[in-house]
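Close look at the chain arrangement
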Amino acid sequence: MGRYLGPTCRLCRTEKRKLMLKGERCNSAKCPIAKKKEAPGKAAKARSAKLSDYGLQLREKQKLRKIYGLMEKQFKLTFNEAKRMKGLTGENLIVLLESRLDNIVYRLRFATSRNQARQLVNHGHVYVNGNRVDIPSYRVKANDVVELGEDSKKFVIVKESLKEFTKSGVMPWLDVDPDNMKGVVKALPLRSEVADLADINEQLIVELYSR
């Protein structure tokens, strides 16, 4: 599966929002968004005119896709799966994205960003219910236990990342034991519990794919 290899701050400037692609470093004063830099490319102001309905829907989709680090094909497959599920398609989409293993590793504070979490999973450092899983898109279920391997628990980047747990904790549907670097998915999240996506209007994405 392909992945974006370009400058990450450019993506945030395009969406005019912190996508937290660099984790806590995005909260530093050096962040381009904090400096109020305009969108990348030539004639950025000319392109900042009022968007059409399609433009608004597209930007919302691009924003959510970039937050979770998915390529277009992978995001569309996830949307199609959400559409087949019972309930509201938009809310199902958020739940499916949140239940990805790489996102859970990030939410448990084992990594400072989803990109870093994806790398931990890809390199075989993550175990689910005692079994090694190296597929970032693996769907975690309620009551699953997610932990790092014994050697991986010595990583400095993981220890540094867990310091954030003492500041802000974890999402309400998760429980983490920072000393043993182990977490439990108590339940799949409700849409209202994903507070950092409060500005995302997933209904616009549903409308985009319904065209």
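Located above this text is the structure these notes cover.
Residues numbered from 1 in each chain as written. Predicted model: local features only at pLDDT ≥ 70, side-chain atom pairs only at ≥ 80, totals over all residues. Heavy atoms only, no water.

Let's talk about the pattern of salt bridges
The following threshold applies: By definition, a salt bridge exists where a carboxyl oxygen of Asp or Glu is found within 4 Å of a side-chain nitrogen of Lys or Arg. Only runs of H or I of at least four residues qualify as helices and only runs of E of at least two qualify as strands under DSSP, and these elements are numbered from the N terminus. For every residue, the accessible area (1.4 Å probe, protein chains only) is compared with the maximum for its type, and the residue is labelled buried under 20%, exposed over 50%, or partly exposed between those bounds.
This model, assessed by the stated rule, comprises 11 salt bridges. Among the salt bridges present, the one from Asp-102 reaches Arg-118, with a minimum N-O distance of 3.1 Å. Placement of the pair is Asp-102 in helix 5 (residues 101–107) and Arg-118 in helix 6 (residues 114–122), with a sequence separation of 16 residues. One exposure class covers both Asp-102 and Arg-118, and it is buried. In this structure, Asp-196 engages Arg-107 in a salt bridge whose closest nitrogen and oxygen atoms are separated by 2.8 Å. Taken together, the positions of Asp-196 in the loop between strand 5 (182–185) and helix 8 (202–209) and Arg-107 in helix 5 put the pair 89 residues apart, joining distant regions of the chain. Shared partners join several salt bridges into a network, and the residues in it are Lys-61, Arg-65 and Glu-72.

A closer look at the nonpolar core
Selection rule: What is meant by a nonpolar core is a set of buried Ala, Val, Leu, Ile, Met, Phe, Trp, Tyr and Cys residues, joined one to another through side-chain atoms within 4.5 Å. Here a residue-residue contact requires only that any non-hydrogen atoms of the pair lie within 4.5 Å.
Counting residues in each nonpolar core, the largest one holds 41 residues, and the members touching the most others are Leu-64, Leu-101, Val-105 and Val-146. In this structure, Val-105 is in contact with Phe-110, Ala-111, Ala-117, Leu-120, Val-121, Val-126 and Val-146, ignoring residues within four places of it in sequence.

A few points about the packing of helix 3 (residues 72–84) against helix 4 (residues 89–98)
Rules: Under this scheme, a helix contributes an axis fitted over its contacting stretch, all axes are lines through C-alpha atoms, and angles between N-to-C directions fall in the 0 to 180 degree range. Geometric relationships in this document are graded by angle, where less than 35 degrees denotes roughly parallel, more than 145 denotes roughly antiparallel, 65 to 115 denotes roughly perpendicular, and other angles denote oblique. It is the rotation of the near helix from the far one that decides the hand of a crossing: anticlockwise by less than a right angle makes it left-handed, clockwise makes it right-handed. Polar here means any residue other than Ala, Val, Leu, Ile, Met, Phe, Trp, Tyr, Cys and Pro, which are nonpolar, and Asp, Glu, Lys and Arg, which are charged; Gly is therefore polar.
Contact geometry of helix 3 with helix 4 gives a least axis separation of 8 Å together with a crossing angle of 125 degrees. It follows that helix 3 is oblique to helix 4 by the angle criterion. In the packing of helix 3 onto helix 4, the handedness of the crossing is right-handed. Between helix 3, through Phe-75, Thr-78, Phe-79, Glu-81, Ala-82 and Lys-83, and helix 4, the contact on the second element is made entirely by Thr-89, Asn-92, Leu-93, Leu-96 and Leu-97. By residue class, the composition of the contact of helix 3 with helix 4 is six nonpolar, three polar and two charged.

Things to note about the sheet that holds strand 2 (residues 131–132)
Sheet strands pair by backbone hydrogen bonding; their relative direction is either parallel or antiparallel. Going by this rule: Paired strands, as defined in this entry, are two strands with at least two bridges between them according to DSSP.
An order of 2-1-3-5-4 is seen for the five strands of this open sheet, with the pairing classed as antiparallel. Unpaired on one side and paired on the other, strand 2 and strand 4 (174–177) mark the two borders of the sheet. Relative to strand 5, strand 4 runs antiparallel, the two being bridged by four bridges. Bridging across to strand 5, Val-176 finds its partner in Gly-183.

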